[in-house]
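For reference, the chains in residue letters:
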Amino acid sequence: MAEKLRDLSQPIDVPVLDATVAAFYGTGSKEERNAADQILRDLQNNQDMWLQVVHILQNSQNLNTKFFALQVLESVIKYRWNALPTEQRDGMKNYVSDVIVQLSSNEVTFRQERLYVNKLNIILVQVLKHEWPARWTSFIPDLVAAAKSSETICENCMAILKLLSEEIFDFSRGEMTQQKIKELKSSLNSEFRLIHELCLYVLSATQSSELIRATLATLHAFLSWIPVGFIFESPLLETLLKFFPMAAYRNLTLQCLTEVAALQFGDFYNMQYVKMYTIFMMQLQAILPAGSIPNAYANGSNDEQAFIQNLALFFTAFFKSHIRILEASPENRTALLLGLEYLTGISFVDDTEVFKVCLDYWNVFVLELFEAHNQIEPATAAAQMIPGVVDGTGTAVQHRRQLYSGPLSKLRTLMICRMAKPEEVLIVEDENGNIVRETMKDNDVLVQYKIMRETLIYLSHLDHEDTEQQMLKKLTKQLNGEDWSWNNLNTLCWAIGSISGSMVEEQENRFLVMVIRDLLNLCEITKGKDNKAVIASNIMYVVGQYPRFLRAHWKFLKTVVNKLFEFMHEMHPGVQDMACDTFLKIVQKCKRKFVTQQVGENEPFVSELLSNLHTTILDLEPHQIHTFYESVGHMIQAESDNTKRDEYLKRLMSLPNQKWAEIIGQAGQSIDILKNQDVIRSVLNILQTNTSVATALGPHFFPQISLIFLDMLTVYRMYSELVSSTIAEGGPYASKSSFVKLLRSIKRETLKLIETFVDKAEDLPHLGKQFVPPMMDPVLGDYARNVPDARESEVLSLFATIINKYKAEMLEDVPRIFEAVFQCTLEMITKNFEDYPEHRLKFFSLLRAIGTHCFKALIQLSSQQLKLVIDSINWAFRHTERNIAETGLSLLLEILKNFQASAFQNQFYKTYFLNIEQEIFAVLTDSFHKPGFKLHVLVLQHLFCVVDGLTEPLWDVATVQVQYQSNAMFVREYTINLLGASFPNMTAVEVTKFVDGLLSSRHDLTSFKNHIRDFLVQSKEFSAQDNKDLYAEEAAVQREKERQRMLAIPGLIAPGELQDEMVDS
């Protein structure tokens, strides 16, 4: 049977094909399905299968079989259409058109075969993308003429036009070349009159609701790009407004009106917009009164809810583009304010998606008012100094603020009562109404918080008084119990925390004293564990947001820190974590306050804290103690007197050091003590505590690390040998046992501690460098001696850090490092792309450090070793794991540039140029490697530019008969042959044109890059996919601009994100 199907020399046996497709979709055995799947795949991959499509469509009754045939056809149209003979193309084009007309001319078959007709429509549009306008000039007139022959044909023609519009205007980026998109757009524009007349004719003449809906849907797809005269100089708008009050068409009409509302082009049609808005508002009031929106949404049907969503889109689109026209004349202001009232009402609807639409607009609206107000303030201050100067712009800005003062006040209420949860808050209410510790960050909520915070800051700048009054009023209602609920208190406190930095300091101080006093009172008077946990979380969040206030008020700062110490004994889930996190956050911003002796105190706070250290951390878990130690480390780091600092460090580390000395002492008597699981856990805990303090103290951690360093290496070596022997005896599964995992975490933590110290002590190379020689054997030698499963990837990252910090000073150590890790790690990672993912990334980072800072060491390698390096880099950028591929490509670029500047450039490029070019083209044209696009382009540009500087031929003179005039000519021919063989679907002319384009644009990165983007579309490697990675670079520039803008507005960048030196004085 299968062989009969695979033989395509005669017409395919349709009943057998039907049976095969049925077996694939059927409920038979797994073997049957797999066999059917294999046959269908073979047929799909057969070049001649598409010639059977017509035969299958005519003879099969099975919809799945027809879809299978159309899939085969679609792939031919996408990838091989232009290579087919003209008569085959025309035959297929006419056949598809005929079947569509035949099926859609009869109401019954049209409704029954709807899915099939839809798929045929898609096929027709794929054909059009190749054929129209050049080879099928009469398409639009033919379609419009067919539409007038019957209502069902007309309905289907609308569907085809809608698809065509979407293909060209919405999905074309990365699907077609820039030139083709331009050509199709201008064709549609020039022939639109016929389509426009057809739509208006249908809307005025038909009674069929299906046809009206199809026509409105098509209009909706067209309205965003058609010439505006068709909208405003024809009865189109009136027709749409006539359909708006009818419930059946309300949503589709509203979507069309939204497209019109979003258009922007000068002031020419302002009056039409005002008229449209006025009629719309009159009709809307009859459909849905302004005050009832949240209720109407909560109790509405799906259609009614969709209507409110569409209303949000309409108002936001209209106001974004045309609010200025409405506010310009007094008679339109009432309708404008009513529209804003509707939008505010919609913003209170309990639906996240609806709220996001409104929020995006409120953010733009408030920002625009704030920017005008911000520019005018300095000018107004200057004008007041010179009597008699009245600034017209200033008055206009004041008028606008007055006009919008009502909506803005309602907006403040909205932002305060719907504030999203910030990242720092760990205590949340679960779906059962219990207060629990948050386990996963919700990114959507964080994005929403960021926009709301920004909007509230602008609102606060526009009227500090109103913001403050609303917040304090709400807080009073919490205290007197009138409005008390977890949610109300949370959103209020998150809002209070989010406007930090937006008020002038004096006002902020006054406001905060009231807020914190009230919250502390609330904590005292409220009963119940859960309630107290919620209030504690809010106190911690608010104080963490206002470091400026805490720095200026030592008494408050001390009270807050002591309150945090209280919370550290509170066992409710999440409270201790949040107390430790907030303590760290406050210390980082106010560290100098804790090491300075304050007025009325006997000693600096840090000293008092160290005396009571044991009691404070008594109830904390190990990971919380580490955060606590890191915080105290930050305090100690702020002490400038070396003697005091070392004394504080000694006191801080006395508990872990005592335990360490005890363990090492016992191990001296009996080494077996170190195998006890509790002892292993203690060792791990001590090392983690040291790492936390090293993170904060940097180079000042030197006295402590010197104390434990050699013992630590001894323990490291002992545990490493234990791991190796356990794995050797127990086989591969032993490496997964909890005992081995625990031992390995000791090794990792030791390496992490050393790496942290080396990393932080970069200003003092003499300090860090002395730790390298003692590590050579216990760490590097141990890595080489271990079995693969016992090798720690952190060894690689530690040495990468050392080389990055001490650069060329490490030159003589590189051969030793190379010898220990290179060969044995490569053997682990080149078997496939999956095993040892950590080792992969860190290995290439180490290579990159050597390539960047110790390039001389690479030149001294033997040719076999250098080949290994280049092969491993090729291996790196073939990874689909983005970080590894990017590290490999960056390293390749650096090595290429370094060799270009060295005496060995001819020799190097002669050996590796062609291999690298081939490898880069392989990943460039593989859609799995799209994220590396920017670096692929840079490597290719380097290769195409470097050929001019080489003084020896790149080709092998002995074996190549043809002698080329230059390396550039040789590379041109080599690349044409390479791409010609890789892309048989492209003609020789297309490939040659591309390669010549590369050579001519190689010195201009932008046109070089665009040229490659077009080639990727043409070669059909990157069509029908998301191509945003090809444009990633442009997006990054935009992000940096945005950050600079935010820095200029007080409060917009949260205090926690500002650099330390700017704030802590």
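Basis of the calculations
Residues numbered from 1 in each chain as written. Predicted model: local features only at pLDDT ≥ 70, side-chain atom pairs only at ≥ 80, totals over all residues. Heavy atoms only, no water. Helix = DSSP H or I, 4+ residues; strand = E, 2+ residues; numbered from the N terminus. Buried < 20%, exposed > 50% of the residue type's maximum accessible area, 1.4 Å probe, protein only. Contact = heavy atoms within 4.5 Å. Areas by Shrake-Rupley, 256 points an atom, 1.4 Å probe, with all protein chains shown as cover. Lys, Arg positive; Asp, Glu negative; His and termini not counted. Charge placed at Lys NZ, Arg CZ, Asp CG, Glu CD. Salt bridge = Lys/Arg side-chain N within 4 Å of Asp/Glu carboxyl O. Phe/Tyr/Trp six-rings, centres within 6.5 Å; stacked < 30°, edge-to-face > 60°. Lys NZ or Arg CZ within 6 Å of the ring centre and 35° of its normal. Axes fitted to C-alpha atoms, helices over the stretch in contact; angles between N-to-C directions. Parallel < 35°, antiparallel > 145°, perpendicular 65-115°, else oblique. Nonpolar A, V, L, I, M, F, W, Y, C, P; charged D, E, K, R; others polar. Left-handed = near helix turned anticlockwise from the far one by under 90°. pLDDT = per-residue confidence, 0-100.

### What to know about the overall build of the protein
At step 1: Helix and strand counts for the protein come out as 54 helices and two strands.
At step 2: Considering only C-alpha atoms, the protein reaches an extent of 100 × 90 × 70 Å along its principal axes.
At step 3: Going through the 1065 residues of the protein one by one, you find that 52% of them count as buried.
At step 4: Restricting to contacts in the protein with at least 6 residues of sequence separation, those with at least 24 account for 74%.
At step 5: Only carbon and sulfur atoms are counted for the fraction: they give 53% of the accessible area of the protein, which is about 48,000 Å².
At step 6: Distance between charge centroids for the protein: 2 Å, based on 102 positive and 129 negative side chains.

### Some words on the pattern of salt bridges
At step 1: Summed over all chains, the structure comprises 43 salt bridges.
At step 2: For R114, the salt bridge goes to E155, with nearest N and O atoms at 3.4 Å. Of this pair, R114 sits in helix α8 (residues 114–131) while E155 sits in helix α10 (residues 151–169), placing them 41 residues apart in sequence.
At step 3: Accessibility expressed as a relative area gives 28% for R114, which makes it partly exposed.
At step 4: A relative accessible area of 3% places E155 in the buried class.

### Topic: the packing of aromatic side chains
The description of an aromatic ring pair rests on the distance of the ring centres and on the angle between the ring planes.
At step 1: Considering all chains together, one arrives at 56 aromatic pairs under this definition.
At step 2: Seen in terms of ring centroids, Y361 and W362 are 5.7 Å apart; in terms of plane orientation they differ by 50 degrees. Their pairing is tilted. Exposure class is identical for Y361 and W362. Each is buried.
At step 3: With a centroid separation of 5.2 Å and an interplanar angle of 25 degrees, the aromatic rings of F370 and Y458 are classed as stacked. Placement of the pair is F370 in helix α21 (residues 352–385) and Y458 in helix α24 (residues 443–462), with a sequence separation of 88 residues.
At step 4: On the basis of relative accessible area, Y458 is assigned to the buried category, the value being 0%.
At step 5: Looking at R250, its charged tip hangs above the ring of F307, at a distance of 5.5 Å from the centre.
At step 6: We note R791 situated over the ring of Y783; from NZ or CZ to the ring centre the distance is 5.7 Å.

### So, unusual backbone geometry
At step 1: Cis geometry is found at the peptide bond from W132 to P133, where omega equals 5 degrees.
At step 2: Along the chain, the position of P133 falls in the loop between α8 and α9 (139–147).
At step 3: If you check the backbone angles, K807 has positive phi at about 45 degrees while not being a glycine.
At step 4: On the secondary structure map, K807 appears in the loop between α42 (793–806) and α43 (814–829).
At step 5: Of note in the backbone geometry, Y836 takes a positive phi value of approximately 50 degrees without being a glycine.
At step 6: Within the secondary structure, Y836 is located in the loop between α43 and α44 (837–853).

### Concerning the environment of T152
At step 1: In this fold, T152 is placed in helix α10.
At step 2: Sequence-distant contacts of T152, defined by excluding residues within four places in its chain, comprise S104, S105, N106, E107 and F110.

### Examining the packing of α9 against α10
At step 1: Between α9 and α10, the least distance of the axes is 8 Å, while the angle of their chain directions is 150 degrees. Taken together, the axes of α9 and α10 are roughly antiparallel relative to one another. Between α9 and α10, the residues in contact are F139, I140, L143, A146 and A147 and I153, C154, C157, I160, L161 and L164, respectively.
At step 2: Along the lines of polarity and charge, the residues of the contact of α9 with α10 split into eleven nonpolar, no polar and no charged.

### A short note on the packing of helix α12 (residues 192–205) against helix α13 (residues 209–222)
At step 1: With their axes 10 Å apart at the nearest point, α12 and α13 run at an angle of 145 degrees to one another. The way α12 lies across α13 gives a crossing that is left-handed. Contacts between α12 and α13 involve F192, I195, C199, V202 and L203 from the first element and L211, I212, T215, L216, L219 and F222 from the second.
At step 2: For the contact of α12 with α13, a count of residues per class yields ten nonpolar, one polar and no charged.

### Overview of the confidence of the model for the protein
At step 1: Of the residues in the protein, 94% reach a pLDDT of 70 or more, and the chain-wide mean stands at 87.
At step 2: Confidence drops under a pLDDT of 50 for residues 385–390, and excluding neighbours within four residues, the segment shows two contacts in the predicted structure.
At step 3: Segment residues 1021–1026: pLDDT under 50, and 21 contacts once partners within four positions in sequence are set aside and those in other chains are kept.

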